[in-house]
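# Residue-level structural notes
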Amino acid sequence: MSISKKINSHVCVIGSGVGGLAAAARLAARGMQVSVFEKNDAYGGKVSPIRTNGYLWGFGASLFTLPELLDELFVSCRQSPSDYYSYTQIDPICRYFFPDGTIINAFAQPDLFAAEVASKTGEPSAHILSFLKEAERKYELTKDIFLFHSLHKFSTYTNRKAVHSLFNLSSLGILKKMNAVNENYFSDARIVQLFNRYATYNGSNPYVAPSTLNVIAHLEYNKGAYYLQGGMPALTQTLYQLCLNMGVKFKFNAMVNAIHITDNRVTGINVGNTNYAADVVVSNMDIVYTYRNLMPELPEPKRFLAGEKSSSAIIFYWGIKHTFSNLELHNILFSGNYKAEFDCITNKKIVYDDPTIYIYISSKMDKAHAPEGCENWFVMVNAPHDCGQDWSQIITEARKNILKKLKIEAGLDIESLISCEIVNHPGTIQEKTLSHLGALYGNSSNTILSAFLRHPNFSQSIKGLYFSGGSVHPGGGVPLCLLSAKIVDELVD
Ligand SMILES: Cc1cc2nc3c(=O)[nH]c(=O)nc-3n(C[C@H](O)[C@H](O)[C@H](O)COP(=O)(O)OP(=O)(O)OC[C@H]3O[C@@H](n4cnc5c(N)ncnc54)[C@H](O)[C@@H]3O)c2cc1C
């Protein structure tokens, strides 16, 4: 038997990931009564803390870019960001280790980075600087249409800036592949690999993805990479606090089972035995499961749901009984054969045996994240999304290959220093966050039409139904999830 409750709230938000929290805060700041329903016992989704034995890691996101989007959210809620959080620009942004022993520090200042590249590889500094300038030009040209507004509203295309962008779209290199453009640009294969890496920031493959993804390098090198004090879990903590201060109500351990629709208009949601009435529903849940699990009676918008899913990851959260002065906050050990690695991920749906390894150590910035004399290593390798692979066998192999590569290529013999270990993989990512197939970023951006094949932030057939988060427009990653919430806020009447 179900009970019907008309709670004070007229807005129900499903899920408390970055996109759900940000949308809830914005709508509540406008005076709406907002309730967030979260299936887990705490907020955060892919940006939540993992704690054991005195160590703290973030579940997923580690790199923080475009902090001005976070600031803008707080200001739009009439709050002062400095009352809630602080961040600092990091330098170097990342330390890159190549199989031939080359180490490149990606310094925060583009000219220093370019000089470092030139001295380590012979690639002329001018190539790096002009590449970053071009990335900036493309970002400025595309951001208003592809990121900051709904792609699916006529009004996005009618202002002067948009018209200018549309006239210049042909200069974006949409039809060219990222790797092809980068090979053309740089003479040194290591630098091609370094810039190809940015395709993975939205779970794509640089050998098939359009070269427009080169704009991501602009965000890191020209606009800067940041560390949020407290690490990425502090992001959702601060968003949660903002929500509370805006009057948002939370229900945890509350799995939403259905979105109720009458006469093509949302009327509420169902959680267990209880129905909650609402005029507006914002789903921060993965778009595929929103349709399949919560509105199975509606026809699926196939062109948005059927797209190839982004890649996923295997993450080892290692407590390390030692500190390493030769590692930075962000570190990458590159695969000896990047093309073969992406062939494994995209086509063979396996993890390559010489994987690119990402090591993130937030205790370099926040000593409290590891016991004295220890470090909290977040070690990630790219993996395909879940297609029913035997993950326990893949994890055993990946662990062996990672430890071997760290020892041989970086002199990091750490196996005996691992004091505790937690592992996540596409299966557990799906379980924890209900992300379809455990993909990190919803659909991949491997085709030129990808941007148009992400679900809009509103339903085209159901009034009052909106979507925020990494599986819808403008895409995955913390900054884009914040933007999805901003767009939802603009769309809700
Ligand atoms: C390993 C990894 C590394 C990453 N690295 C970075 C990075 O360095 N930088 C970056 O910017 N981004 C990174 N990302 C991506 C970024 O973390 C995500 O894009 C972003 O956090 C997704 O937020 P979201 O709003 O889509 O919600 P999600 O985090 O997907 O959360 C959705 C929430 O909805 C809840 N939910 C789902 N279904 C229901 C239901 N039926 N009822 C109630 N609740 C429900 C889930 O429990 C979850 O809490 C990474 C992600 C991962 C996993």
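We now turn to the structure provided with this report. (Residues numbered from 1 in each chain as written. Predicted model: local features only at pLDDT ≥ 70, side-chain atom pairs only at ≥ 80, totals over all residues. Heavy atoms only, no water.)

### Looking at the sheet that holds strand β10 (residues 225-228)
- Reading across from one edge, β6-β10-β7 is the order of the three strands in this open sheet, with antiparallel pairing throughout. Bordering the open sheet on either side are β6 (64-65) and β7 (87-89), each of which pairs with just one other strand.
- In the sheet, β7 pairs with β10 via three bridges, with the strands oriented antiparallel. Within β10, the residue paired with Thr88 across the bridge is Tyr227. (Pairing = 2+ DSSP bridges. Helix = DSSP H or I, 4+ residues; strand = E, 2+ residues; numbered from the N terminus.)

### As for the packing of helix α1 (residues 18-29) against helix α15 (residues 478-491)
- Axis separation between α1 and α15 bottoms out at 8 Å; the angle between their running directions is 35 degrees. Relative to α15, α1 is oriented so that their crossing is right-handed. Where α1 abuts α15, its residues Val18, Gly19, Ala22, Ala23, Arg26 and Leu27 lie against Val478, Cys481, Leu482, Ser484, Ala485, Lys486 and Asp489.
- Of the residues assigned to the contact of α1 with α15, the class counts are eight nonpolar, two polar and three charged. (Axes fitted to C-alpha atoms, helices over the stretch in contact; angles between N-to-C directions. Left-handed = near helix turned anticlockwise from the far one by under 90°. Contact = heavy atoms within 4.5 Å. Nonpolar A, V, L, I, M, F, W, Y, C, P; charged D, E, K, R; others polar.)

### Some details on the environment of Ile14
- Along the chain, Ile14 turns up in strand β2 (residues 11-14).
- Given the relative accessible area of 4%, Ile14 is considered buried.
- Residues Ile14 and His330 lie 316 residues apart in sequence; the distance between their C-alpha atoms is 32 Å.
- If we skip the residues at most four places from it in the chain, Ile14 touches Phe37, Val256, Ile259, Ile269, Val281, Val282, Ser283, Asn284, Met285 and Leu294. (Buried < 20%, exposed > 50% of the residue type's maximum accessible area, 1.4 Å probe, protein only.)

### A look at the site of the ligand
- Within the structure, the ligand sits among 36 residues, and Gly19, Glu38, Lys46, Gly470 and Val478 are positioned closest to it.
- Interatomic distance of 2.9 Å between a backbone N/O atom of Leu63 and an oxygen atom of the ligand.
- Here an oxygen atom of the ligand sits 2.8 Å away from a polar atom, N or O, in the main chain of Gly477.
- About the coverage of the ligand: the protein hides 96% of its 1,000 Å² of free accessible area.
- Sorting the residues of the shell around the ligand by element identifies α1, α14 (426-433) and α15 as the ones contributing at least two each.
- With three residues, the top contributor of residues to the shell around the ligand is α15.
- Partitioning the shell around the ligand into residue classes produces 18 nonpolar, 14 polar and four charged. (Near = heavy atom within 4 Å. Polar contact = N/O pair within 3.5 Å; in protein donor to acceptor, adjacent residues only side chain to side chain. Areas by Shrake-Rupley, 256 points an atom, 1.4 Å probe, with all protein chains shown as cover.)

### Description of α15
- Under the 1.5 Å per step criterion, the end-to-end length of α15 is 20 Å for 14 residues, consistent within 8% with the ideal 20 Å.
- The buried fraction of α15 amounts to 13 of the 14 residues, a majority that puts the element mostly inside the structure. (Expected span 1.5 Å × (residues − 1).)

### Observations concerning the nonpolar core
- Ranked by internal contacts, the top residues of the largest apolar core, which has 107 residues, are Leu70, Tyr96, Leu194, Phe195, Tyr221 and Leu235.
- Leu194 has contacts with Tyr96, Phe98, Ile104, Phe113, Tyr221 and Phe334, leaving out every residue within four places of it along the chain.
- Counting 28 residues, the second-largest nonpolar core is a separate cluster that includes Ile314, Phe324, Ile402 and Ile418. (Core = buried A, V, L, I, M, F, W, Y, C linked by side-chain atoms within 4.5 Å.)

### A look at the side chain of Asp489
- Structurally, Asp489 is set in helix α15.
- Every residue in contact with Asp489, bar those within four places of it in the chain, is listed here: Arg26, Leu27 and Arg30.

### Some thoughts on the packing of aromatic side chains
- Under the counting rule described, the total for this entry stands at 36 aromatic pairs.
- When the ring of Tyr185 is compared with that of Phe186, the centres are 5.4 Å apart and the planes differ by 50 degrees; the resulting orientation is tilted.
- A ring pair is formed by Tyr240 and Phe252, whose centres lie 6.2 Å apart and whose planes are at 50 degrees; its orientation type is tilted. In this pair, Tyr240 is assigned in helix α9 (residues 233-246) and Phe252 in the loop between β11 (249-251) and β12 (256-262), connecting sequence segments twelve residues apart. (Phe/Tyr/Trp six-rings, centres within 6.5 Å; stacked < 30°, edge-to-face > 60°.)

### Focus on the pairing of strand β4 (residues 49-52)
- The sheet contact formed by β4 and strand β5 (residues 55-58) spans four bridges and is antiparallel. Its bridge partner lying in β5, Pro49 is registered against Gly58.
- Connecting the antiparallel pair β4 and β5 is a turn made up of two residues, with Asn53 showing a positive phi of about 45 degrees.

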